[in-house]
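# Coordinates in review
Here is how the chains run, residue by residue.
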Amino acid sequence: MGRPHMRAFHFAWISFFLVFLAWFSIAPLLSEVQESLGLTKEQIWTSSICSVAGGLVTRCIMGVLCDIYGARLMSAAVLFTCGVPTCFTGLVNTSVGLSVLRLVVGIGGSAFVTCQYWTSTMFTREVAGTANALAAGWGNLGGGVTLILTGSILFPLLEWIYRTAGTSMDPSELAWRTSCILPGLLCIGFTFVVIRSSDDSPKGNYQKRKRLGLMQKDSAMSHLKSAVTDLNTWILLIQYGCCFGVELTTSNAIALYFKEEFELSTASAAAVGSVFGWMNLFCRGLGGFLSDVSNAYRGMRGRLFWQHVTFFLEGVFIIVFSRAQTLIGAIAALMTFSVFVQAAEGSTFGIVPYLNPNLTGTVSGVIGESTRRDIEPV
């Protein structure tokens, strides 16, 4: 990985990927948690709301901190902050404990801001749509991979191990209580790799550049004020809430939905639901790439036209998915719906670098904060 550009690109999406791996590691196991702790459906949904609300303030703050301290240190901080509590998921015994834990782990949602800031500072605006979309898409992929990892691999494997060992406790309960340790440890381990082996920008780390007088030292409030007084920031905030907010809601609920609606096992529901996240492998990148192509032919009007197309088709296919009566039909509709959700996200952040190039982190944080508004019980 060539340093600094491509190394920063790969470290950005890997950091985001690992945080999503930990953040949603409990999602495919919520039915088991509900049964073990005797929780109601409303209590499970409350914990999911807390999971997303964890990034309510930290997303805005993280954008400002990236502008001041750089994405390298902030990515490491988010990885560590998310990884440690994820390792202790198995200690939860009440609905309040579950909500508090998911609230703290939800701080990991700030990794989106550090990821987008990092790639925006490393690449020019002409290709920022593709770079941002690929990094964020591959990072979001962690939400799909974790459904397979914890729901379809670790949970049944650990359940079999505990049952074979003849433990006196319920093997299923022990399995969900220990399935989230691995994602947490991966986050903690990669924290130190990011600190030691990456750069804040093509010109070096922020701390050194400020010490040499090569970079202006602005206050956090001046950054935030400049971002929130721009009307375009608020327009994109609403638009992004309508795509990434929808993705977060779906990622939290999809395994539980398939288990209840089509009476699948925990492992099967997790595997089927993971297809939504797996579409991030190319769809968000495709959305950003086509935004760049549209920009090459029609400028900003081209980017805006492509963005509106993706939002329209996202709305169409979420309605189709909600009305699917068969498992095959639901999967097909979910995959198509996912294509346009991810493409809408990619097209939106193809526009963000044009708002205020000097405050990319703060603007990304304010816009990314919109996603927490979009997760409500359905």
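Figured I'd write up the structure that's included with this text. Fair warning: this is a prediction, and the values are worked out from it, not measured in the lab.

With that settled, consider the overall build of the chain. Looking only at helices and strands, the chain has 19 helices and zero strands in total. The C-alpha atoms of the chain give 20 Å as radius of gyration, which agrees with the globular expectation for 378 residues (21 Å, within 12%). Judged by the C-alpha coordinates and their principal axes, the chain covers about 65 × 45 × 35 Å. Relative to its 378 residues, the chain shows a buried fraction of 58%.

The subject of this paragraph is helix α5 (residues 71-87). Residue pairs three or four apart in sequence face the same way in an α-helix, which turns once every 3.6 residues. With 17 residues, α5 ought to run about 24 Å at 1.5 Å a step, and its terminal C-alpha atoms sit 24 Å apart, in line with that. Burial of α5 is extensive: 12 of the 17 residues sit out of reach of the surface. Packed against the buried residues of α5 are α1 (5-23), α4 (58-69), α6 (95-105), α7 (111-122) and α10 (181-197).

At a minimum axis separation of 6 Å, helix α16 (residues 283-298) and helix α17 (residues 300-322) run at an interaxial angle of 140 degrees. Considering the relative orientation of α16 and α17, their crossing is right-handed. Note on element contacts: α17 touches α16 through Met300, Arg301, Gly302, Arg303 and Trp306, opposite Gly287, Leu290, Ser291, Asp292, Ser294, Asn295 and Arg298.

Bringing the pattern of salt bridges into the picture now. Overall, the coordinates contain seven salt bridges when judged by the stated rule. A salt bridge links Glu173 to Arg177, with the nearest nitrogen and oxygen atoms 3.1 Å apart. Separated by four residues within a single helix, Glu173 and Arg177 lie in helix α9 (residues 171-178), roughly one turn from each other. With respect to class, Glu173 is no different from Arg177; both count as buried.

Soluble globular proteins tend to bury their nonpolar side chains together. Residues Trp118 and Ile367 are the most contacted members of the largest nonpolar core, which totals 73 residues. Per-element accounting of this core gives the leading share, 12 residues, to α1. Not counting the four nearest positions on each side in its chain, Trp118 is found in contact with Ala8, Phe11, Ala12, Ala71, Arg72, Ser75, Val194, Ser198, Asp199 and Asp200. Counting residues in each nonpolar core, the second largest holds 18 residues, with Val246, Phe258, Ala269 and Val341 among its members.

Another point: the packing of aromatic side chains. Following the criterion strictly, the structure yields 23 aromatic pairs and no others. Where Tyr257 meets Phe262, the ring centres are 6.4 Å apart and the plane angle is 80 degrees; that geometry is what we call edge-to-face. Each member of the aromatic cluster is reached from another via a ring pair, and the members are Phe16, Phe20, Trp23, Phe24, Phe112, Tyr240, Phe244 and Phe349. Residue placement shows Arg284 over the ring face of Phe244; its charged tip is 6.0 Å from the ring centre.

Moving on, we get to the packing of α7 against helix α8 (residues 125-165). As a packed pair, α7 and α8 sit with axes 9 Å apart at the nearest point and diverge in direction by 145 degrees. Of the two elements, α7 crosses α8, and the hand of that crossing is right-handed. Residues Phe112, Cys115, Gln116, Thr119 and Ser120 of α7 form the contact with α8, whose own contacting residues are Ala131, Asn132, Ala135 and Ala136.

Turning next to the environment of Ile26. Within the secondary structure, Ile26 is located in the loop between α1 and α2 (30-37). Take Ile26: its relative accessible area is 6%, and that puts it in the buried class. Each C-alpha atom, one on Ile26 and one on Gly151, is 8.4 Å from the other, the two residues being 125 residues apart in sequence.

Attention now goes to empty space enclosed by the protein. Enumeration over the complete set of coordinates arrives at two cavities of 30 Å³ or more. In this structure, the largest cavity occupies an estimated 70 Å³ of space. Along the walls of the largest cavity sit Ala22, Trp23, Ser25, Ile26, Ser51, Thr86, Thr89, Leu101, Arg102, Val105 and Gly106, which together make up its complete lining. Residues belonging to the lining of the largest cavity are distributed by class as follows: five nonpolar, five polar and one charged. A volume near 40 Å³ is recorded for the second largest cavity. Taken together, Ala27, Pro28, Leu30, Ser31, Ala255, Leu256, Lys259, Thr266 and Ala269 make up the lining of the second largest cavity. For the lining of the second largest cavity, the elements supplying multiple residues, two or more each, are α2, α14 (244-262) and α15 (266-278). Class assignment for the residues of the lining of the second largest cavity results in six nonpolar, two polar and one charged.

Positive phi, normally seen in glycine, also occurs at Glu263, with a value near 55 degrees. Structurally, the position occupied by Glu263 is in the loop between α14 and α15.

In this section: the side chain of Arg177. Given a relative accessible area of 12%, Arg177 falls into the buried group. Here Asn93 takes part through its side chain, which lies 3.0 Å from a polar atom of the side chain of Arg177. Only 3.1 Å separates the side chain of Arg177 from the side chain of Glu173, close enough to count as a polar contact. Contacts of Arg177, omitting those with residues within four sequence positions, involve Leu37, Gly90, Leu91, Val92 and Asn93.

Here we take up α16. Taking 1.5 Å per residue as the helical rise, α16 with its 16 residues ought to reach 22 Å, and the 22 Å between its terminal C-alpha atoms agrees with that figure. Elements that come into contact with the buried residues of α16 comprise α7, α8, α13 (231-241), α14, α17 and α18 (327-348). The positive-phi residue at the C-terminal boundary of α16 is Gly299, with phi of around 70 degrees.

Conventions adopted
Residues numbered from 1 in each chain as written. Predicted model: local features only at pLDDT ≥ 70, side-chain atom pairs only at ≥ 80, totals over all residues. Heavy atoms only, no water. Helix = DSSP H or I, 4+ residues; strand = E, 2+ residues; numbered from the N terminus. Rg over C-alpha atoms; globule rule 2.2 N^0.38 Å. Buried < 20%, exposed > 50% of the residue type's maximum accessible area, 1.4 Å probe, protein only. Expected span 1.5 Å × (residues − 1). Contact = heavy atoms within 4.5 Å. Axes fitted to C-alpha atoms, helices over the stretch in contact; angles between N-to-C directions. Left-handed = near helix turned anticlockwise from the far one by under 90°. Salt bridge = Lys/Arg side-chain N within 4 Å of Asp/Glu carboxyl O. Core = buried A, V, L, I, M, F, W, Y, C linked by side-chain atoms within 4.5 Å. Phe/Tyr/Trp six-rings, centres within 6.5 Å; stacked < 30°, edge-to-face > 60°. Lys NZ or Arg CZ within 6 Å of the ring centre and 35° of its normal. 1 Å grid on protein atoms, 1.4 Å probe; cavity = no way out; pocket = protein on both sides within 12 Å on 5 of 7 lines; lining within 4 Å. Points joined across faces, edges and corners; volume = space filled by probe spheres on them. Nonpolar A, V, L, I, M, F, W, Y, C, P; charged D, E, K, R; others polar. Polar contact = N/O pair within 3.5 Å; in protein donor to acceptor, adjacent residues only side chain to side chain.

These figures capture arrangement, not role.
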